[in-house]
Amino acid sequence: GQQVQQSPSSLVLQEGENAELQCNFSSTATQLQWFYQSPGGSLVSLLSNPSGTKHTGRLTSTTVTKERRSSLHISSSQTTDSGTYLCAIDRNYAQGLTFGLGTRVSVFP
Amino acid sequence: GGIITQTPKFLIGQEGQKLTLKCQQNFNHDTMYWYRQDSGKGLRLIYYSITENDLQKGDLSEGYDASREKKSSFSLTVTSAQKNEMAVFLCASRLGNYAEQFFGPGTRLTVL
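All values derive from a computational prediction rather than experimental measurement.

J.: Help me get a handle on the pairing of strand β8 (residues 73–78) of chain B, residues and values and all.
T.: Residues and elements named next belong to chain B. Burial runs high along β8: six of the six residues are buried. Of the two faces of β8, the one holding Ser73, Ser75 and Thr77 and the one holding Phe74, Leu76 and Val78 are both buried throughout. Pairing geometry for strand β3 (residues 19–25) and β8, over six bridges, is antiparallel. Within β8, the position partnered with Leu19 by the bridge is Val78.

Given below as structure tokens:
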């Protein structure tokens, strides 16, 4: 079945630093979403980006469909960015998303 | 906009007990999902439903039943709770195939 690999598994930043999170997947993705999860919290959809580049606030996602990879760039990190970032791709038809294990980001002042 | 609500937020049960988790959405979305999140294992799909009264099994359906009696609600039943089922259960919905998916706040299950 489809697999989603995220790297790095964890990342420590000083406030103001930039970060790049990677997502690689094993088969063509019709839909790709990046989510944020705070400790003990639910999933918040950040970006829906099956191909190309999309921006929202300080986040930029670039997906290269042919190469089966996506990245999420966080610019000027803030302590409130701390949490886990999950990449997920669509399964066949309506069968929901396949998730990676996430990148845990810790931002210190 | 819309919202997905899940009840209860915390659910404590005894081993062997039948337990029901509820999910409501007011997005008017067609498709709804139940996922389970275990530490270190990521999210896995339990059941999904593409319309009212439709039920489809996911990767982890054994030991669970689901019910979609209305478009806006989707329930999940743990048929016989086991200690290794302590996890967070997340409900999600979306408008159609390949559309953006939205999640509820989760129900944390503890089995004693």
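J.: Please provide a residue-by-residue account of the pattern of salt bridges, values included.
T.: Proximity of charged atoms lets side chains of opposite charge pair with each other. Residue and element names in this part refer to chain B. Within this structure, the stated rule accounts for six salt bridges over all chains. A salt bridge links Lys71 to Asp30; the shortest N-O distance between them is 3.4 Å. Note that Lys71 is positioned in the loop between β7 (64–70) and β8 and Asp30 in the loop between β3 and β4 (31–38), a separation of 41 residues in sequence. According to the relative accessible area criterion, Asp30 is partly exposed, its value standing at 31%. In this structure, a network of salt bridges that share partners links the residues Arg36, Asp38 and Arg44.

J.: Help me get a handle on the interface of chain A and chain B, residues and values and all.
T.: Each partner contributes to the interface: chain A provides 21 residues, whereas chain B provides 23 residues. Both sides together, the interface formed by chain A and chain B hides about 1,800 Å², and carbon and sulfur atoms give 52% of it. At the junction of chain A with chain B, the criterion picks out one salt bridge. With a shortest N-O distance of 2.9 Å, Arg94 of chain B and Asp90 of chain A are connected by a salt bridge.

J.: Provide a residue-level description of the sheet that holds strand β1 (residues 4–7) of chain B, including the pertinent values.
T.: Residue and element names in this part refer to chain B. Here four strands make up an open sheet; going across it, the order is β1-β3-β8-β7 and the pairing antiparallel. Edge positions in the sheet fall to β1 and β7, since each has one partner strand and no second. Pairs of neighbouring strands in the sheet enclose a mean axial angle of 15°, with direction left out of account.

J.: Which residues make up the nonpolar core, and what values go with them?
T.: With 21 residues, the main nonpolar core has Trp34, Ile46 and Phe89 of chain B as its most contacted residues. Elements represented by at least two residues in this core include exactly β3, β4, β5 (42–49), β7, β8, β9 (87–94) and β11 (107–111) of chain B. Cys23, Tyr36, Leu47 and Tyr85 of chain A belong to the second-largest nonpolar core, a separate cluster that totals 19 residues.

J.: Tell me about the packing of aromatic side chains, and please be specific about residues and values.
T.: This model, assessed by the stated rule, comprises 10 aromatic pairs over all chains. Summarising the aromatic geometry, the rings of Tyr33 of chain B and Tyr48 of chain B are spaced 6.0 Å apart at their centres and angled 25° between planes, so their arrangement reads as stacked. Taken as a pair, Tyr33 of chain B in strand β4 and Tyr48 of chain B in strand β5 lie far apart in primary sequence, 15 residues in all. Neither residue differs from the other here; Tyr33 of chain B and Tyr48 of chain B are each classed as buried. Linked through ring pairs, Phe35 and Phe99 of chain A together with Tyr33, Tyr35, Tyr48 and Phe103 of chain B together constitute an aromatic cluster.

J.: Go over the sheet that holds strand β8 (residues 69–74) of chain A, please, and point to the residues and values.
T.: Residue and element names in this part refer to chain A. Ordered by their spatial adjacency, five strands build an open sheet running β1-β3-β8-β7-β6, and the pairing between neighbours is antiparallel. Each edge of the open sheet carries a strand with a single partner, namely β1 (4–7) and β6 (52–56). Averaged over all pairs of adjacent strands, the angle between their axes in this sheet comes to 15°, without regard to strand direction. By the bridge criterion, six bridges tie strand β7 (residues 59–64) to β8 in an arrangement that is antiparallel. Across the sheet, residue Leu59 finds its bridge partner in β8, namely Ile74.

J.: I'd like to hear about the pairing of strand β11 (residues 103–108) of chain A, residue by residue, with values.
T.: Each regular strand displays side chains that alternate between the two surfaces of the sheet. Residue and element names in this part refer to chain A. Burial of the side chains of β11 is restricted to one face: Thr103, Val105 and Val107 are buried, whereas none of Arg104, Ser106 and Phe108 on the reverse face is. Sheet topology places strand β2 (residues 10–14) next to β11; five bridges connect them, and they run parallel. Residue pairing in the sheet places Ser10 in a bridge with Arg104 of β11.

Definitions and limits used
- Residues numbered from 1 in each chain as written.
- Chains lettered and ligands numbered in written order.
- Predicted model: local features only at pLDDT ≥ 70, side-chain atom pairs only at ≥ 80, totals over all residues.
- Heavy atoms only, no water.
- Buried < 20%, exposed > 50% of the residue type's maximum accessible area, 1.4 Å probe, protein only.
- Helix = DSSP H or I, 4+ residues; strand = E, 2+ residues; numbered from the N terminus.
- Pairing = 2+ DSSP bridges.
- Salt bridge = Lys/Arg side-chain N within 4 Å of Asp/Glu carboxyl O.
- Contact = heavy atoms within 4.5 Å.
- Buried area = accessible area lost by both parts, 1.4 Å probe.
- Axes fitted to C-alpha atoms, helices over the stretch in contact; angles between N-to-C directions.
- Core = buried A, V, L, I, M, F, W, Y, C linked by side-chain atoms within 4.5 Å.
- Phe/Tyr/Trp six-rings, centres within 6.5 Å; stacked < 30°, edge-to-face > 60°.

From the geometry alone we can't say anything about function, so treat these as descriptive.
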